[in-house]
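Here's the letter readout for the chains.
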Amino acid sequence: MPDSLFDEEPWRTCYAQLAPKLLLFARQWVASVADAEDVVQAAFVKFWRHRPDAGPEHYPLLYAAVRTCALDLLRTDSRRGRREQVVATDFEEPFFDPAIERNESSELINAALLHLPDSQREVLVLRIWGELSFADIATTLGDSINTVASRYRYALDALRRILKSHEYQRV
Amino acid sequence: MNTNESEFEAELRAIRPVAPTLALRESIARQLPAQHALATVETRAAVISRREADVEAPGFFDRILPDLRWAFAGALGATAVFLAMSHFQTADVPTTAAITAAEPDFGPVEISRDLVAAEDGGVVYEDEQEPARLVRYTTLERHVWTHPVTGARLEVEIPREDIVLVPLAMQ
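All of these numbers come straight from a predicted model, not from anything done at the bench.

We now examine the overall build of chain A. Helix and strand counts for chain A stand at eight helices and zero strands. For chain A, the α and β elements follow one another from N to C terminus as α-α-α-α-α-α-α-α. The burial tally for chain A puts 37% of its 171 residues in the buried class. Put simply, 62% of the contacts in chain A that link residues at least 6 apart link residues at least 24 apart.

Quick look at the structure:
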């Protein structure tokens with residue numbers, strides 16, 4: 001069936017805008033792309049069945065659904081224990097698009113993100129690549145805006161330090 | 001990397017997350033439109049069945065009225081007669097409250113009996129008696145009451161059938 005027939009469906013517009021961001025967010029908990037896609041699929045379908053008329057104002061709840069599904073997957077598969085090991089060694093499936101002009105930067109940032117604590121990394125991902133406001137991030141994570149904002153500052157500083165150290169090592 | 005925070009954020013945003021595979025989009029598309037299509041089919045089926053029910057199936061009163069029409073008419077007549085009889089009884093034996101209050105009540109204005117039909121039933125022979133002709137008289141009794149204060153008028157018509165045996169010797 002031609003895609004044009006579905007262009008007006010809200011979920012397709014949402015998917016076109018958010019799919020890479022949701023996948024990146026899911027990969028904060030599940031390292032493999034396949035598992036992350038399973039998480040995004042489950043959350044996305046669940047969200048749109050529950051809210052068929054959802055608009056952009058509801059998208060923070062979609063991120064929250066992805067987070068819930070990812071944590072559920074970790075619990076059901078008992079993967080939490082071996083997650084750190086997988087994340088630390090999983091460079092074959094990068095977080096970011098390895099564009100030629102930014103390939104070096106994306107590899108560095110990819111590696112630096114893996115060194116951040118979970119609570120800081122998820123805020124940073126939602127803020128930078130999810131393009132959510134602090135209020136929306138607070139809604140997604142169920143934390144206060146002040147908590148989210150302070151975690152973001154810590155994450156940004158830590159990421160900058162990590163990248164600097166990587167640059168020094170490379171020099 | 002720049003140390004300025006906004007420039008650093010902009011540099012991070014310039015790196016795009018990896019896009020999900022086409023399989024994810026297709027999987028979601030299989031689940032969500034299937035639900036919508038199913039809902040549409042169910043909705044259309046419900047509308048069609050409702051329309052058929054509206055057009056073809058008789059309504060509740062349409063179904064019961066033909067059966068209850070005569071029963072309803074009979075019940076109405078019986079109620080009227082009962083009210084009239086009870087009125088006569090109470091009028092003949094007024095209650096203490098009615099006497100003390102001396103409130104005006106409905107009073108009889110007219111009592112008439114009209115012959116509607118007379119039907120010859122033929123000659124009958126009673127045991128050890130002379131033969132007689134059976135005649136059926138159908139009459140209609142009409143009672144009218146009015147209220148002296150309000151002027152309300154109450155009319156009751158009672159159909160009546162009398163069977164009369166007329167000895168042939170008298171003819």
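This paragraph deals with the interface of chain B and chain A. Taken together, the contact pairs 21 residues of chain B with 28 residues of chain A. Among the elements of the structure, helix H1 (5-13) and helix H2 (22-56) of chain B are those that each provide at least two residues to the side of chain B that touches chain A. Considering each element in turn, the side of chain B that touches chain A owes the most residues, seven residues, to H2(B).

Residue and element names in this part refer to chain B. With 15 bridges connecting them, strand S1 (residues 107-125) and strand S2 (residues 131-146) associate as antiparallel partners. Each residue of the ladder has a partner; that of Asp-120, found in S2, is Val-135. Bridge count for S2 against strand S3 (residues 153-167) is 15 bridges, and the pairing is antiparallel. Bridging across to S3, Thr-138 finds its partner in Glu-161. Count of turn residues in the S2/S3 antiparallel hairpin: six residues, of which Gly-151 carries a positive phi of about 80°.

Attention shifts here to the environment of Pro60(A). Residues and elements named next belong to chain A. Examined against the element boundaries, Pro-60 turns out to sit in helix H3 (residues 59-77). As for Pro-60 and Ala-138, which are separated by 78 residues in sequence, their C-alpha atoms are 9.0 Å apart. Aside from chain neighbours lying at most four places away, what touches Pro-60 is Leu-132, Asp-136, Thr-139 and Thr-140.

Time to look at the packing of helix H1 (residues 10-26) of chain A against helix H2 (residues 33-50) of chain A. Between two packed helices, both the angle of their axes relative to each other and the distance between the axes serve to describe the pair. All names here are of chain A. Packing of H1 against H2 brings their axes to within 10 Å, and their N-to-C directions diverge by 140°. Compared by their axis directions, H1 and H2 come out oblique. When you trace H1 past H2, the crossing you get is right-handed. Across the interface between the two elements, Trp-11, Leu-22, Leu-23 and Ala-26 from H1 touch Ala-36, Glu-37, Val-39, Val-40 and Trp-48 from H2. Broken down by class, the residue content of the contact of H1 with H2 amounts to eight nonpolar, no polar and one charged.

What counts as what
Residues numbered from 1 in each chain as written. Chains lettered and ligands numbered in written order. Predicted model: local features only at pLDDT ≥ 70, side-chain atom pairs only at ≥ 80, totals over all residues. Helix = DSSP H or I, 4+ residues; strand = E, 2+ residues; numbered from the N terminus. Buried ≥ 20, exposed ≤ 12 C-beta atoms within 10 Å, placed from the backbone. Contact = placed C-beta atoms within 7 Å. Pairing = 2+ DSSP bridges. Axes fitted to C-alpha atoms, helices over the stretch in contact; angles between N-to-C directions. Parallel < 35°, antiparallel > 145°, perpendicular 65-115°, else oblique. Left-handed = near helix turned anticlockwise from the far one by under 90°. Nonpolar A, V, L, I, M, F, W, Y, C, P; charged D, E, K, R; others polar.

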